[in-house]
Structures are given as C-alpha cells and as structure tokens.
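Structural overview
One-letter residues, chain by chain:
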Amino acid sequence: MIAANLRAQRWRSHGRQSICLHTGTLAAPAARWCAVIEAGPRSALDGVSALEAAGLRGFDGTDSIRVSVPRGARAVRSPGLVVRQTRRLQRSDVVEVGVPRVRVPIAAVRAALWAVSDRQAAMILAMVVQQRLCRAVDIGEALLAVRRHRRRRMLEAVVLDLIDGAQAMGELDFARLCRAHGLPSPDRQVVRRTSRGAAYLDAYWSTFRLVVEVDGIHHLAATAVVSDALRHNDMALTSDTVLRLPVLGLRVAPAEFMQQVREGLVAGGWEPHAAAS
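As a starting point, this report considers the structure included with it. Because the structure is predicted, anything quoted here is derived from the model rather than measured. (Residues numbered from 1 in each chain as written. Predicted model: local features only at pLDDT ≥ 70, side-chain atom pairs only at ≥ 80, totals over all residues. Heavy atoms only, no water.)

Regarding the overall build of the protein
Helices and strands together make up the secondary structure of the protein, namely 12 helices and 11 strands. For the protein, contacts bridging at least 24 residues in sequence account for 54% of all contacts bridging at least 6. Of the accessible surface of the protein, which amounts to about 15400 Å², a share of 51% is contributed by carbon and sulfur atoms. (Helix = DSSP H or I, 4+ residues; strand = E, 2+ residues; numbered from the N terminus. Contact = heavy atoms within 4.5 Å. Areas by Shrake-Rupley, 256 points an atom, 1.4 Å probe, with all protein chains shown as cover.)

And the structure:
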C-alpha cells in the first residue's frame, strides 16, 4: 500500500523513515518531526532549531535543522538536516513534550557557540531573553558547562550584560574603550536639567557637545523606548549630538561604534592630530 501510494505520487518520502501523506512542502512543525524521526529514537532538536520549536521568532540565519544525538549513535545524512554527535546530551536536557528538543537555556548556549559570528551569537542570546523564552541567569548557568571554547569569554560578557543591563558595561569600561581608540576621556555621569527633570548622561564631552548613551537590554522594553526617545529629544533640542550605543553592539562590534564616536567628536571640533601632539 505504501509503495503504491508513493508510486502514484499521492504520498511523498522524506528520507528513510518518514512518509508524508501529501506531496506539498512540509510546514515547519512537520519538518522538525521529520528531522528527529530520521535522526533516530535518541535524537533531539538542538541550537536554533530547538529555540524555534520553543517559540523563537524573527531569526533568519539558517535553512537547515540541527539535531543532536548521543555519542556513538548513527549520524544520518540528509538534505537540510545537520546531525551532531555529543557526549553532553543528557536525558534531563531534553523536553519530551511534543517534538523532542533540548531545553531553552542549553539550546541558546549551543546556538551561540555554533553561530557564524560573534555578532550573530550575541543576537541569538538577546532574542531569547527579549522574547522571554528563558531568563538570562538560566543561560549563564548553562554556560558554566562550557569548559573550552574560543567564544566562551565573549558569551560570558554578553550574558552579564543581559543580566545587569547597561550596568555591566559601566563608566570605566567605556573610558577604556575611548583610550584604546585614541579618543579623549568623556565627562562621565554628568547631570543635565531637561524638561522632564534631571538626566544622568553616561558619557558627555561638553567641549564637543557630544553625548553617548549606552543602552542595555532593558532599553528595548516598550516603556523604556518612550522614555529614551523623550530624553534623547530633550538633549537634541539643546544642540547636542546624541549617539545611542547598544551594549551588545559594543561587545561584538566595538570598532564600528567607536568610529561613530570619533566622527561625532570630529564634527564637534575635536582635532585628532592636535590631541596626539
């Protein structure tokens, strides 16, 4: 009966173990089930695939489905399926309600480790916390299991930023970045009077009328967006140039953001060659 329906093209085979009772494109949930069925009985979605099964939205970084299997299990090869053997896949790490998938904190850490760049890794962790799939502190606990990896220290810094917001990259951190890029030291935590009361500026160069505000993850909340916009406009109305730098951006792309700070200082009258001499 199966062979007859496949020959008549009423059904369609997807690998060695899976048959779909139509010939159209598999929807995302069906494709995930197909992936774990093809990978074997002890497999589980992992990385971004597990996060998307848990509800992650808006990530557009891969077309393949990632599945982990225990060390020693047969690694299946199939188009669009990436199977990875790991000795760290524990039964307690897997959510078995619905399609088997690795728990969100562990999947987030692995997705960040497997990301194509530091920038993508930071974005994945930020999206998981923003979309409330798990707490940043849970990701931090899962990250403790990573002993050796070239990206571990960077991820630790990102997780601290996600836990503490802008406080994780404080005045001393930003001042260190300024020195490293040959920029003058700012007047930090300057109090300014605005139409909405006192405002504490993260970094201010009064001579060059440049303000830098370092935004932590909490600045992405709806209430913070409105408050930040009003604060930004109040300062812009005084003819100051205001740059907003996301703290995660400073972790993964410091050169690009600090170049913008340099350009803001030059536009305000700073002369790099005069400062160097």
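What to know about the nonpolar core
A general feature of soluble globular proteins is that nonpolar side chains tend to end up buried together. By size, the foremost hydrophobic cluster in this structure holds 70 residues, and its most contacted members are Leu51, Leu125, Ile139, Phe174, Trp205, Val212 and Val261. Setting aside its immediate chain neighbours within four residues, Phe174 contacts Pro186, Ala203, Trp205, Val212, Val214, Leu245 and Met258. (Core = buried A, V, L, I, M, F, W, Y, C linked by side-chain atoms within 4.5 Å. Buried < 20%, exposed > 50% of the residue type's maximum accessible area, 1.4 Å probe, protein only.)

Structural notes on a positive patch on the surface
Together, Arg71, Arg84, Arg87, Arg88 and Arg147 line one region of the surface with positive charge. Structurally, Arg84 is set in strand E5 (residues 81-86). (Patch = residues over 30% accessible without salt bridge, like charges linked within 9 Å, V, L, I, M, F, W, Y side chains within 5 Å. Salt bridge = Lys/Arg side-chain N within 4 Å of Asp/Glu carboxyl O. Lys, Arg positive; Asp, Glu negative; His and termini not counted. Charge placed at Lys NZ, Arg CZ, Asp CG, Glu CD.)

Re a nonpolar patch on the surface
Among the surface-exposed residues, Met1, Ile2, Ile19 and Leu21 lie close enough to one another that they form a single nonpolar patch of about 450 Å² accessible area. Looking at the secondary structure, you find Ile2 in helix H1 (residues 2-7). With a relative accessible area of 43%, Ile2 lands in the partly exposed category.

Quick word on unusual backbone geometry
We note that Gln9 has phi near 60°; this positive angle belongs to a residue other than glycine. Checked against the element boundaries, Gln9 lands in the loop between H1 and strand E1 (12-14). Gln9 sits in the exposed class, given a relative accessible area of 62%. Here Arg132, not a glycine, exhibits a phi torsion of approximately 60°, which is positive. Here Arg132 shows up in the loop between helix H5 (118-130) and helix H6 (136-143). Under the relative-accessibility criterion, Arg132 is labelled exposed at 76%.

A few points about the packing of aromatic side chains
All told, the structure shown has zero aromatic pairs when counted by the stated rule. Over the ring of Trp114 we find Arg66, and its NZ or CZ is 4.1 Å from the ring centre. (Phe/Tyr/Trp six-rings, centres within 6.5 Å; stacked < 30°, edge-to-face > 60°. Lys NZ or Arg CZ within 6 Å of the ring centre and 35° of its normal.)

Observations concerning helix H2 (residues 28-39)
Its 12 residues place the ends of H2 17 Å apart at the C-alpha level, agreeing with the 16 Å of an ideal helix rising 1.5 Å per residue. Considered for burial, the residues of H2 that qualify are Arg32, Cys34, Ala35, Val36, Glu38 and Ala39. For H2, the elements touching its buried residues are E1, strand E2 (18-20), strand E3 (44-45), helix H3 (47-54), strand E4 (65-70) and E5. Looking one or two residues past H2, Gly40 carries a phi angle of roughly 115°, positive in sign. (Expected span 1.5 Å × (residues − 1).)

Remarks on the pairing of E4
Remark: a regular strand shows side chains that alternate across the two faces of the sheet. Burial of E4 is extensive: five of the six residues sit out of reach of the surface. Summarising the sheet, E3 and E4 pair through two bridges and their orientation is antiparallel. Bridge pairing links Leu45 to Val67 in E4. Strand direction decides the pairing type here: E4 and E5, joined by six bridges, are parallel. Its bridge partner being in E5, Ile65 is matched across the sheet by Leu81. (Pairing = 2+ DSSP bridges.)

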